[in-house]
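Here is what each chain is made of, one letter per residue.
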Amino acid sequence: MTGANSFYSKLKNWFFILNLVFTFLFFFLMSYSFSRPLRESITNFTGNAIIVITVYFFLFYLFYFLFVFILRYLEGFILYNRMHDKKQKFQGWFKELVQKEILTFSLLLIGVQVLYFFLETSADSWWIHMAVLSILVLNAWEFLPNWVVPYYSRHKDLNDKELKERFLKLAERGGIRILKISIYNDSKAKVVVLGLKHSRVLILSDAVLEYAPEEMEVLVALEIAKLRGGYVWKKALIEALGMFVTFLLVHFTLESVCIKFGFEFIFDIATLPVVLGLFFLFFLAIWFVVNYFKLYSSKGNDEYALRLSKTPEAFVSLIIRETQQGEQVNQAIYFFEKILFAKSSVSQRMMLAQDYAQDMLFENMHKA
C-alpha cells in the first residue's frame, strides 16, 4: 500500500509539472497568435471596454479549460478515484468541476476588470494598487472569517459537546480564545483557526470527524502553535512582500515583453496572456523563496503542538495517516517538495515525536 501511495504521489508531482508546462504553452500560443484576433473580433460587435473584457476573458478561460481538460480528467477523476478507492461517476465529477470553474471565473473576472482599469488609468502605479488589493484578498480568509468563509463552503456548528470541550480546553492551555467551532463540508484544510484575537473561529473539515479525538487535538494544537509563534502574521508579512516584489517585476518587464509580441498598449485586453505569463513565471520564483519560511517555521510548530497536546502517539498516527493518504511525499521531486509542502519531511517529524516521547518518559521516571 505504501508503494502504491508513493507511486501516486510521484504521479501527482508529474501532473503538476505538466500543468505548468501546458499553462505556459497556452499563454505563449495565445500571446503569439490568437489573442489579438480574438480581441479584434469582439470589438467588431461592441466598443464598450467592460463588455469587451468580459467576453474576451470568458472565451480565454473557456479555451484554457478545454486546453488542460485532459490533465484535469486524468488527475482529478482517474488518479483521484484510484488513490482514494472511490467510484465517482463522470457526470458527478464533471458537474462539480464546472461549478468550481464558474466560481473561479467569476472571481477572476472581477480581478481582470480591476487590473485593466488600473493599467489604463494608472500606468505607472497600477502595480501598487493591484498588490495592495491582492494582499487584502489573500488575507481576508484568515482575518475576516465571519464575512468570507461562509461563501466558500457549507458549514454547521460542532454539536459534540465532549469534543467541543476538549478543543476549548486545549486552546485555553495554549492561551488562545476560540469564539466558535464550525464543521465545513468538503473543506481542503483539515483544521484551521481563523480571525483576529477576539473573533477567532476554529474550523474543522467534516472528514476530520472520522479521526481519533487525540489526532484531532494534535491538528488543533498545530494551528494554535501557528498563532502562538506569530506564524500567521509573519506569513502574512512575507507573502505581502512576495506579492509586492512579483507585481514590481511584472511592472518593469510588461511593456518590453508586450512590444516583442507586437502589442501597442499594455492596457489592451489582448495582452492578458502576456500579463498572466509574467505573473506565472515570477510567482513561481518568488513563492519558492516564500515557502522556505514556512518550512523553517514548521519544525517549531510541531514542537509546540507536541508539548501542548502531550500525545506523541497521536502525532505519529496522524503523520502515518497523512502519508497513507498521499498528502506528503517521501521521495518528492526536490523543487516541488520545497514549493508545495510547508512541512518538514516525514522522517524528521517522526524523529521529533520520538525524541519528545523519550523526554516524557524520562520526566515521568524522575517524578516517580
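Heads up: the structure comes first, above all this text.
From a predicted model like this one, the values you see are computed outputs, not experimental measurements.

### Examining the layout of surface pockets
Roughly 310 Å³ of volume is contained in the second largest pocket. If you trace the second largest pocket, you find 14 residues lining it, with Ala49, Ile53, Glu120, Phe267 and Ile269 closest to the centre. For the lining of the second largest pocket, the class distribution of residues is 8 nonpolar, 3 polar and 3 charged.

### Section: the packing of helix α2 (residues 49-67) against helix α4 (residues 90-121)
For the pair α2 and α4, interaxial distance at closest approach is 10 Å and the crossing angle is 140°. For the element pair α2 / α4, the angle class is oblique. By crossing handedness, the relation of α2 to α4 is classed as right-handed. For the pair α2 and α4, contact is made by Ile50, Ile53, Thr54, Phe57, Phe58, Tyr61 and Phe65 and by Phe94, Leu97, Glu101, Thr104, Phe105, Leu108, Leu109, Val112, Gln113 and Tyr116, respectively. Taken together, the residues that form the contact of α2 with α4 break down as 13 nonpolar, 3 polar and 1 charged.

### Focus on the side chain of Arg39
Its location among the elements puts Arg39 in helix α1 (residues 2-43). Among the residues examined, Arg39 registers a relative accessible area of 18% and is labelled buried. One polar contact links Arg39 to Asp268, side chain to side chain, over a distance of 2.9 Å.

### Quick notes on the nonpolar core
If you look at the biggest cluster of nonpolar residues, it comprises 46 residues, and the most contacted ones within it are Tyr116, Trp126 and Leu254. When contributions to this core are tallied by element, the ones reaching two or more residues are α1, α2, α4, α5 (126-143), α9 (231-260) and α10 (272-309). With 10 residues, the single largest contributor to this core is α10. Among residues more than four places away in sequence, those in contact with Trp126 are Leu115, Phe118, Leu119, Phe247, Val250, His251, Leu254 and Phe279. Counting 35 residues, the second largest nonpolar core, distinct from the first, contains Leu163, Ile176, Val193 and Tyr211.

### Some words on α9
The first and last C-alpha atoms of α9 sit 42 Å apart over 30 residues, in line with the 44 Å expected at 1.5 Å per residue. The sharpest bend along α9 measures roughly 40° and falls at Leu254.

### Thoughts on the pairing of strand β4 (residues 201-205)
The buried count for β4 comes to 5 of 5 residues, which makes it a mostly enclosed element. Alternating residues of β4 divide into Val201, Ile203 and Ser205 and Leu202 and Leu204, and every residue in both groups is buried. Sheet topology note: the strand β2 (residues 180-184)/β4 ladder contains 5 bridges and is parallel. The residue of β4 that forms the bridge with Ile183 is Leu204. Alignment of strand β3 (residues 191-194) against β4, held across 4 bridges, turns out to be antiparallel. Looking across to β4, one finds that Leu194 is bridged to Val201.

### Structural notes on the pattern of salt bridges
Scanning the entire structure with this criterion turns up 6 salt bridges. The salt bridge involving Asp268 is made with Arg39; its shortest N-O contact spans 2.9 Å. Taken as a pair, Asp268 in the loop between α9 and α10 and Arg39 in helix α1 lie far apart in primary sequence, 229 residues in all. There is no split in this pair, since Asp268 and Arg39 are both buried. Here Glu223 ties to Lys226 by a salt bridge, and the two come within 3.2 Å at their closest N and O atoms. Of this pair, Glu223 and Lys226 both sit in helix α8 (residues 213-228), 3 residues apart, roughly one helical turn. Note on Glu223: relative accessible area 11%, which makes it buried. On the basis of relative accessible area, Lys226 is assigned to the partly exposed category, the value being 24%. Ionic contacts of the salt-bridge type, sharing partners, join the residues Arg166, Glu214 and Glu217 into one network.

Rules of the game
Residues numbered from 1 in each chain as written. Predicted model: local features only at pLDDT ≥ 70, side-chain atom pairs only at ≥ 80, totals over all residues. Heavy atoms only, no water. 1 Å grid on protein atoms, 1.4 Å probe; cavity = no way out; pocket = protein on both sides within 12 Å on 5 of 7 lines; lining within 4 Å. Points joined across faces, edges and corners; volume = space filled by probe spheres on them. Nonpolar A, V, L, I, M, F, W, Y, C, P; charged D, E, K, R; others polar. Axes fitted to C-alpha atoms, helices over the stretch in contact; angles between N-to-C directions. Helix = DSSP H or I, 4+ residues; strand = E, 2+ residues; numbered from the N terminus. Parallel < 35°, antiparallel > 145°, perpendicular 65-115°, else oblique. Left-handed = near helix turned anticlockwise from the far one by under 90°. Contact = heavy atoms within 4.5 Å. Buried < 20%, exposed > 50% of the residue type's maximum accessible area, 1.4 Å probe, protein only. Polar contact = N/O pair within 3.5 Å; in protein donor to acceptor, adjacent residues only side chain to side chain. Core = buried A, V, L, I, M, F, W, Y, C linked by side-chain atoms within 4.5 Å. Expected span 1.5 Å × (residues − 1). Bend = angle between axes of the 7 residues up to and from the residue. Pairing = 2+ DSSP bridges. Salt bridge = Lys/Arg side-chain N within 4 Å of Asp/Glu carboxyl O.

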